[in-house]
Amino acid sequence: MKRIVVLVSGEGSNLQALIDACQHGRINAEICAVFSNKSAAYGLERARSANIPAHALDVKAYEDRAAFDVALADAIDTFQPDLVVLAGYMRILTAEFVQRFAGRMINIHPSLLPKYPGLHTHRQAIENQDTEHGTSVHFVTEQLDGGPVILQAKVPVFSEDTEEELVARVQTQEHNIYPLVVSWFVDGRLSLQNGQALMDNNPLPEQGYAAD
C-alpha cells in the first residue's frame, strides 16, 4: 500500500477529508504521518484521533528556513512516503525541499490558478467583483503556487457574499477534489514529467483535468 505524509499549519479540514477517504477505501493508501510547523495546529489533533503519528517542528529551534526545511525533509523521509501532500501548509518551501520531493508533492490552493497566487484569495475575488472563484490542486514546483495544475473546481461568487461564506463554499469543493487527485496519484494514473502533469500518460491542459 502506498504511503502518504501530510503537512498542515492550521485546522486541517482537508487532512480530515483525506483521512476519511483512506478509511472508506476511496484512497488506496495509508497516511503514515502528519507534520506541522505549529504545535497548536488542530490538524495534529485530527491525526492523533485517527491514530496517525503527528509531529510538530519548532521553527525557532533552527537557524534559518533552509535548516528547518532540511530537518523537516529528513523527518519526512523516515516514513518513506510515496506522496507528500500539503494541506494548508503555510510556509514557503525552499528550492532544496521542493527538489527532494519533486514529482511526488502536491498542494491545494484556494483560487483558480494562475489567478491569485499567495494569500487572501477569497478577499481578492470579492473585492474584484469576480463572478466565479474556486480551488486548484497542483504539483509543487519552486515557483510559488505555480506548478502544473491537475484539477480545479469552480464556485459562484454572489454580490452579497462575505469572505467567510466564500471560504466555506470553496472548502466544500476542496474536500471533494483533493482526495480524488490523491487517489489518482496512488493508483499510478497521475505523474509529473518534464514539468508537465500527465493523466493516464496524456498531458493535462493548463487548467488541469476536465471531464468533458
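Parameters at a glance
Residues numbered from 1 in each chain as written. Predicted model: local features only at pLDDT ≥ 70, side-chain atom pairs only at ≥ 80, totals over all residues. Heavy atoms only, no water. Core = buried A, V, L, I, M, F, W, Y, C linked by side-chain atoms within 4.5 Å. Buried < 20%, exposed > 50% of the residue type's maximum accessible area, 1.4 Å probe, protein only. Helix = DSSP H or I, 4+ residues; strand = E, 2+ residues; numbered from the N terminus. Contact = heavy atoms within 4.5 Å. pLDDT = per-residue confidence, 0-100. 1 Å grid on protein atoms, 1.4 Å probe; cavity = no way out; pocket = protein on both sides within 12 Å on 5 of 7 lines; lining within 4 Å. Points joined across faces, edges and corners; volume = space filled by probe spheres on them. Nonpolar A, V, L, I, M, F, W, Y, C, P; charged D, E, K, R; others polar. Phe/Tyr/Trp six-rings, centres within 6.5 Å; stacked < 30°, edge-to-face > 60°. Expected span 1.5 Å × (residues − 1). Axes fitted to C-alpha atoms, helices over the stretch in contact; angles between N-to-C directions. Parallel < 35°, antiparallel > 145°, perpendicular 65-115°, else oblique. Left-handed = near helix turned anticlockwise from the far one by under 90°.

## Quick word on the nonpolar core
If you look at soluble globular proteins, the nonpolar side chains tend to sit buried side by side. Ile4, Val6, Ile31, Ile106 and Ile150 are the most contacted members of the largest nonpolar core, which has 38 residues in total. With 7 residues, the top contributor of residues to this core is helix α6 (residues 163-186). In contact with isoleucine 106, other than residues within four places in its own chain, are Leu83, Val84, Val85, Leu86, Val137, His138, Phe139, Val140, Ile150, Tyr178, Val181 and Val182. Cys32, Ala73, Ile76 and Leu93 belong to the second largest nonpolar core, which has 21 residues in total.

## Focus on the confidence of the model for the protein
Taken over all residues, the pLDDT of the protein has a mean of 97, while the share at 70 or more is 99%. For the protein, strand β10 (residues 202-203) is the element with the lowest average pLDDT, namely 96, and strand β4 (residues 83-86) is the one with the highest, namely 99.

## Some points on the layout of surface pockets
The gaps of empty space that remain are located by a probe, the size of a water molecule, rolled over the atoms. The calculated volume of the largest pocket comes to roughly 950 Å³. If you trace the largest pocket, you find 35 residues lining it, with Gly88, Tyr89, Met90, Ile108 and Pro110 closest to the centre. Among the secondary structure elements, those contributing two or more residues to the lining of the largest pocket are α1 (13-23), β5 (105-109), α5 (121-127) and α6. Per-element accounting of the lining of the largest pocket gives the leading share, 4 residues, to α6. For the lining of the largest pocket, the residue count by class is 13 nonpolar, 16 polar and 6 charged.

## Here's the deal with the packing of aromatic side chains
Within the structure shown, the criterion is met by 4 aromatic pairs. Each ring, one from phenylalanine 35 and one from phenylalanine 79, has its centre 6.0 Å from the other, and the planes form 75°; the classification is edge-to-face. You can see phenylalanine 35 sitting in strand β2 (residues 29-36) and its partner phenylalanine 79 sitting in the loop between α3 (65-77) and β4, a full 44 residues away along the chain. In this structure phenylalanine 35 comes out as buried when scored by relative accessible area, which is 2%. With relative accessibility at 17%, the residue phenylalanine 79 sits in the buried group.

## Structural notes on α6
Structurally, the α-helix is built with 3.6 residues per turn, so residues lying three or four positions apart point the same way. With 24 residues, α6 ought to run about 34 Å at 1.5 Å a step, and its terminal C-alpha atoms sit 34 Å apart, in line with that. Those residues of α6 lying buried are Leu166, Val170, Glu174, Ile177, Tyr178, Pro179, Val181, Val182, Ser183, Trp184, Phe185 and Val186. The positive-phi residue at the C-terminal boundary of α6 is glycine 188, with phi of around 80°.

## Observations concerning the packing of α1 against α6
Where α1 meets α6, the closest approach of the two axes is 9 Å, and the angle between their N-to-C directions is 45°. When the axes of α1 and α6 are compared, the pair comes out oblique. In the crossing of α1 with α6, the sense of the turn from one axis to the other is right-handed. Every residue of α6 that contacts α1 at Ser13, Asn14, Ala17, Leu18 and Ala21 is listed here: Gln171, Glu174, His175, Tyr178, Pro179 and Val182. In the contact of α1 with α6, the residues fall into 6 nonpolar, 4 polar and 1 charged.

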